[in-house]
Structures are given as C-alpha cells and as structure tokens.
Amino acid sequence: MNNSPYFSEELNMLRDQIRRFIEKEVVPNGEAWEEAGKVPRDVFTKMGQLGILGMRYPEAYGGSGLDTMASVVLAEELGRCTFGGFSADALVHTDMASPHLANVGTPEQLARWMPSITSGEKVCAVAVTEAGAGSDVAGMRTRAVQDGDDWVLNGTKMFITNGVYGDLFFVAAKTDLEAKGSRGVTIFAVEKGTPGFTVGKRLNKTGWLCSDTAELIFDNVRVPSENILGEVNKGFYAIMKNFQNERTVLGAMAMGEAAKAIELTLEYVKNRPAFGGVLWDKQAIRQRLSERSAQVEAGRQLTYHAAWMDAQGMDCVKEVSMVKAYCGDLVNKVLYDCVQFHGGMGYMRETPVERMSRDARIQAIGGGATEVMLEEIAKRL
Ligand SMILES: Cc1cc2nc3c(=O)[nH]c(=O)nc-3n(C[C@H](O)[C@H](O)[C@H](O)COP(=O)(O)OP(=O)(O)OC[C@H]3O[C@@H](n4cnc5c(N)ncnc54)[C@H](O)[C@@H]3O)c2cc1C
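The model shown is predicted, which means the values in this text are computed figures rather than measured ones.

## Examining the overall build of the protein chain
Phase 1 of the analysis: Scanning the protein chain from terminus to terminus reveals 11 helices and 10 strands.
Phase 2 of the analysis: Since a compact globule built from 381 residues should have a radius of gyration of about 21 Å, the 21 Å found for the protein chain is in line with a globular shape.
Phase 3 of the analysis: Across its three principal directions, the C-alpha atoms of the protein chain cover 80 × 40 × 40 Å.
Phase 4 of the analysis: For the protein chain, contacts bridging at least 24 residues in sequence account for 74% of all contacts bridging at least 6.

Written out as structure tokens, the structure is:
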C-alpha cells in the first residue's frame, strides 16, 4: 500500500500483485540467474500472463491502457527485488524499447508485434548507443541506405540490454548522411535471425550480472521499409521523447532499490550486537539512515510528480532530468552507507546490499549520465 495521492486503488492493487510475483518468482531464483548470466524466458511469459508487460498498451494488443504511474509502480517494485539485472531486462522491454513501436507503429506493425511483446513471447531491446556515441547520441555512425524497397543497415551498437536473448530490436541509424547533428536518424525494427545481424560479444560487467548486455553487429542487414518505425529521418525526436519515460522509470527503479536497501540495513543494524547493545544504538548510524530515508522519500515524491506530469501530457523535461540526476546519484550514496553499516558482511557476495551496490553504479551513468541530466536542467533554469 502506498498512501501517496498519486496512486489510485487500482494502482495499489497492481503494486501488491507485482510484489507477490517478485516474491514468488524472482527473489528465490535471482541468485541462480546471476550465476547463469541470464533471466529464463518463462519469467517474461509469466509476467505477460499477469498483464505486467502490456500495462501501458491498448487492450486490443493484450494491454490494460494504464499511464506513466503504472510504469512507476512496476519500476519501484522491480527495484525492490534486489536483482538490478532482472529489473533492467524487464524495464527495457516494457518502458524503454517497446514504446518505440507502440508510440508510432502503423496498425500493421502493431498487429504484427505488439501481442507477442505484451505476452512476453518476444523480448525487445533498444539499440541506440555505440562505442563512440553514448551521451552524444547524435554522434552515431551506424547507417542505413535505401536500396529498392529495403534499407541496408551497417554499424555496431554497444551496451545493449537484452542484446543476447532478445528477439526484436529497435535500432537507430543515420539515414541522411548529409544531415548535421541530431537530424537524419531513423528507427528500424530488426528481428533476431535477420541475415547479417549478429551478437558481437556478450559484455562482462560490474553488476546487473543476470542481464545480457551485448555488442550488436549489423553487416549489410537488409531491412524492409515496412520495418521503419515512425518517420524517416525523425528518429532522434522519438528517442528524445521516449527518454522522458525511460528516465522517470529509471528514477523509480533507483528509489525502489534505495528504499529496500535501507530496510535491509535497518534490520541488520537493529540486530547486530556491538558495544553492549546493537549498532542501531549508535547515533551516527541512526542519523545517517534517517537522513538517507528522508532523501529517498524526497526522490520518490519528485519521481511521482514528474510521472504525473508526463501522464497529463505536460512538458516535464526539467523535472524528469531532476529525477534521473537526483535518484541515480542518491541510490549510490544510499548503497555506500548500507554496505558500510553491514561491515564485513556488506562486502560478502551472500549479502544482498553487496550486489545492490554493484548494480546501483550504472544508475548514475546509463540512460542519461548525471552530468548530462544537470545540463538539461541548467538549460531550463
Ligand atoms: C549495463 C548497461 C546497459 C545499457 N543498456 C543500453 C541499452 O539497452 N540501449 C542503449 O542504447 N544503450 C544502453 N546503454 C548505454 C548507456 O545509456 C550509455 O553508457 C550512457 O548513455 C553513457 O554513454 P557512454 O557510455 O558512451 O559515456 P560517455 O558519453 O562517453 O560519457 C562518459 C562520462 O562523461 C560524462 N559526460 C558525458 N557527457 C557529458 C556532458 N555533456 N557534460 C559533462 N559530463 C559529461 C559522464 O560522467 C559520463 O558518464 C547501457 C549501458 C550499460 C553500461
């Protein structure tokens, strides 16, 4: 139950349902997924059966027509699962990749792909970043050249979540090679198995170990025109638009992680004997955890407000950038303290906050690094 006025009874019920799913399916299995470096496909189909993957999409495609607030509920609860790699895989599918199709897809494209996305039979990914172009999206070098009814795609994408086991990839490429800066980018839907499209390598990471992050190679990949999402040469604007949803969701995930880490740490310090009492008796520890709890509450409320603005169709770039900058940094500060107050146990692989501290690091980098977000805020001050 979340007593914020931003959440209806329906959303509170949804939260309970997602929490039950995570307790049953994710918490007992997450460590095995981390070892295997993979989230089993049936987890996606189970989420699909529960309606979690299609919450934002119309009923006609297996969805339930909810808004940004539902994504926030999902992201916060996924954040609480303590396995950031799983949270990332799921949220890339629901909120970072599939919106590229859902927002602009033609009726034919929607009918072709949406049902298998909302059911979890097809897992999707979004491929924008390249080794030479991350924060500076406009610097991408992957290109597509028209050839009859097809486009021929060449280039390499980097750090792509769901990259190894995904089925449907929304790939950004330059289509107007003369266009300057952000112009001349188009998004293509590329299916696994398309000739010339391969996984270069699976990437070893600090955290998010169960998430399959990969380098993707496009070598003369022929993509039919009917796989273009939205308008040719207008893809950059679609990427920027979806960044608002993506960053809100990443903020909510970070606050779910931070809140859970504080709960785990409170449980630990209230029971850990030290100096004739327990660690919680120490004012320094009590005050630091109180301060962090207040900051997490502030981060959550800011996230809810930005999500609400987004759901109303309001311009919320400043607020969403604040969410991403504030929450992405804060989760790292919280996890640093949580590891610290677990002492040596905080450094052990068996302790959830150890994994969570590694998982948190990317929250200040991926999907808009903190400094990039601060520049977005600065432009609007
Ligand atoms: C595990 C993981 C999963 C990912 N998943 C995906 C995915 O599914 N799809 C996808 O397309 N991408 C994905 N990414 C890419 C991610 O979004 C980028 O790594 C991120 O945008 C940063 O880009 P970069 O790594 O090229 O860093 P750079 O752009 O080289 O920046 C390096 C650092 O410089 C600083 N910096 C950058 N720009 C500025 C600025 N303007 N002012 C001040 N400082 C600045 C920041 O501190 C930044 O961290 C993923 C990355 C990781 C690590």
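## Thoughts on the environment of Ala306
Phase 1 of the analysis: Within the secondary structure layout, Ala306 lies in helix α8 (residues 283-311).
Phase 2 of the analysis: In contact with Ala306, other than residues within four places in its own chain, are Thr248, Cys316, Glu319, Val320 and Val323.

## Looking at the pairing of strand β7 (residues 214-224)
Phase 1 of the analysis: Relative to β7, strand β3 (residues 150-160) runs antiparallel, the two being bridged by eight bridges. Of the residues in β7, the one forming a bridge with Asp150 is Pro224.

## With respect to the pairing of β3
Phase 1 of the analysis: Here five bridges tie strand β2 (residues 143-147) to β3, and the two strands are oriented antiparallel to one another. Looking across to β3, one finds that Gln146 is bridged to Trp151.
Phase 2 of the analysis: Connecting the antiparallel pair β2 and β3 is a turn made up of two residues, with Gly148 showing a positive phi of about 65 degrees.

## Regarding the environment of Tyr6
Phase 1 of the analysis: Structurally, Tyr6 is set in the segment before α1 (9-26).
Phase 2 of the analysis: When the C-alpha atoms of Tyr6 and Thr118 are compared, they prove to be 25 Å apart, with 112 residues separating the residues in sequence.
Phase 3 of the analysis: For Tyr6, the contacting residues outside a window of four places in its chain are Met69, Tyr304 and Trp308.

## Here we look at the packing of helix α7 (residues 235-271) against helix α9 (residues 317-341)
Phase 1 of the analysis: The interhelical angle for the contact between α7 and α9, taken along N-to-C directions, is 25 degrees, at an axis separation of 8 Å. If you check the angle between α7 and α9, you find them roughly parallel. Two packed elements cross with a definite hand, and for α7 against α9 that hand is left-handed.
Phase 2 of the analysis: Residue composition of the contact of α7 with α9, grouped by class: 19 nonpolar, five polar and three charged.

## Some remarks on helix α6 (residues 107-118)
Phase 1 of the analysis: Compared with the 16 Å implied by 1.5 Å per residue over 12 residues, the 16 Å span of α6 between its first and last C-alpha is a close match.
Phase 2 of the analysis: Every buried residue of α6 is listed here: Trp113, Met114, Ile117 and Thr118. Projected onto a plane normal to the axis of α6, the buried residues spread over an arc of 125 degrees and lie on a single side. Opposite the buried face of α6, at more than 90 degrees from it, the exposed residues are Glu108 and Ala111.
Phase 3 of the analysis: Turning to α6, the residues buried within the fold contact α3 (41-50), α5 (84-104), β1 (124-127) and β4 (168-174).

## A short note on α7
Phase 1 of the analysis: Taking 1.5 Å per residue as the helical rise, α7 with its 37 residues ought to reach 54 Å, and the 53 Å between its terminal C-alpha atoms agrees with that figure.
Phase 2 of the analysis: Buried residues dominate α7, accounting for 27 of its 37 residues.

## Here we look at the packing of α1 against helix α4 (residues 68-79)
Any two packed helices are characterised by the angle at which their axes cross and by the distance between the axes.
Phase 1 of the analysis: Packing of α1 against α4 brings their axes to within 9 Å, and their N-to-C directions diverge by 30 degrees. As far as their axial angle goes, α4 and α1 are roughly parallel. Seen along the crossing, α1 lies across α4 with a hand that is right-handed. The segment α1 lies against α4, with Leu11, Leu14, Arg15, Ile18, Arg19 and Ile22 engaging Met69, Ala70, Val73, Leu74 and Glu77.
Phase 2 of the analysis: Of the residues in the contact of α1 with α4, the class split is eight nonpolar, no polar and three charged.

## Details of the site of the ligand
Phase 1 of the analysis: In the neighbourhood of the ligand, 23 residues make up the surrounding shell, with Thr129, Gly134, Ser135, Phe159 and Glu371 lying closest.
Phase 2 of the analysis: Of all the elements in the fold, those that place two or more residues in the shell around the ligand are β1, β3 and α11 (370-379).
Phase 3 of the analysis: For the shell around the ligand, the residue count by class is 12 nonpolar, seven polar and four charged.
Phase 4 of the analysis: Structurally, the shell around the ligand is a two-domain feature, drawing no fewer than three residues from each of domain 2 (125-233) and domain 3 (236-379).

## Regarding the domain arrangement of the protein chain
Where interface size is given, it is often the accessible area lost as the parts come together that is meant.
Phase 1 of the analysis: As far as domains go, the protein chain holds domain 1 (9-122), domain 2 (125-233) and domain 3 (236-379).
Phase 2 of the analysis: Measuring from the centre of the C-alpha atoms in domain 2 to the corresponding centre in domain 3 gives 30 Å.
Phase 3 of the analysis: Listed by partner, the interface residues are 13 residues for domain 2 and nine residues for domain 3.
Phase 4 of the analysis: Here the side of domain 2 that touches domain 3 is built from residues that sort into seven nonpolar, five polar and one charged.

## Looking at the environment of Tyr165
Phase 1 of the analysis: Within the secondary structure layout, Tyr165 lies in the loop between β3 and β4.
Phase 2 of the analysis: C-alpha of Tyr165 to C-alpha of Gly346: the two residues are 181 residues apart in sequence and 32 Å apart in space.
Phase 3 of the analysis: Beyond its immediate stretch of four places on either side in the chain, Tyr165 contacts Lys38, Val123 and Asp212.

## What about unusual backbone geometry?
Phase 1 of the analysis: With phi around 75 degrees, Thr82 is a residue other than glycine that occupies positive phi space.
Phase 2 of the analysis: With respect to the helices and strands, Thr82 occurs in the loop between α4 and α5.

Reading guide: rules and limits
Residues numbered from 1 in each chain as written. Predicted model: local features only at pLDDT ≥ 70, side-chain atom pairs only at ≥ 80, totals over all residues. Helix = DSSP H or I, 4+ residues; strand = E, 2+ residues; numbered from the N terminus. Rg over C-alpha atoms; globule rule 2.2 N^0.38 Å. Contact = placed C-beta atoms within 7 Å. Pairing = 2+ DSSP bridges. Axes fitted to C-alpha atoms, helices over the stretch in contact; angles between N-to-C directions. Parallel < 35°, antiparallel > 145°, perpendicular 65-115°, else oblique. Left-handed = near helix turned anticlockwise from the far one by under 90°. Nonpolar A, V, L, I, M, F, W, Y, C, P; charged D, E, K, R; others polar. Expected span 1.5 Å × (residues − 1). Buried ≥ 20, exposed ≤ 12 C-beta atoms within 10 Å, placed from the backbone. Arc of directions from axis to C-beta. Near = placed C-beta within 6 Å. Domains from an automatic or database assignment.

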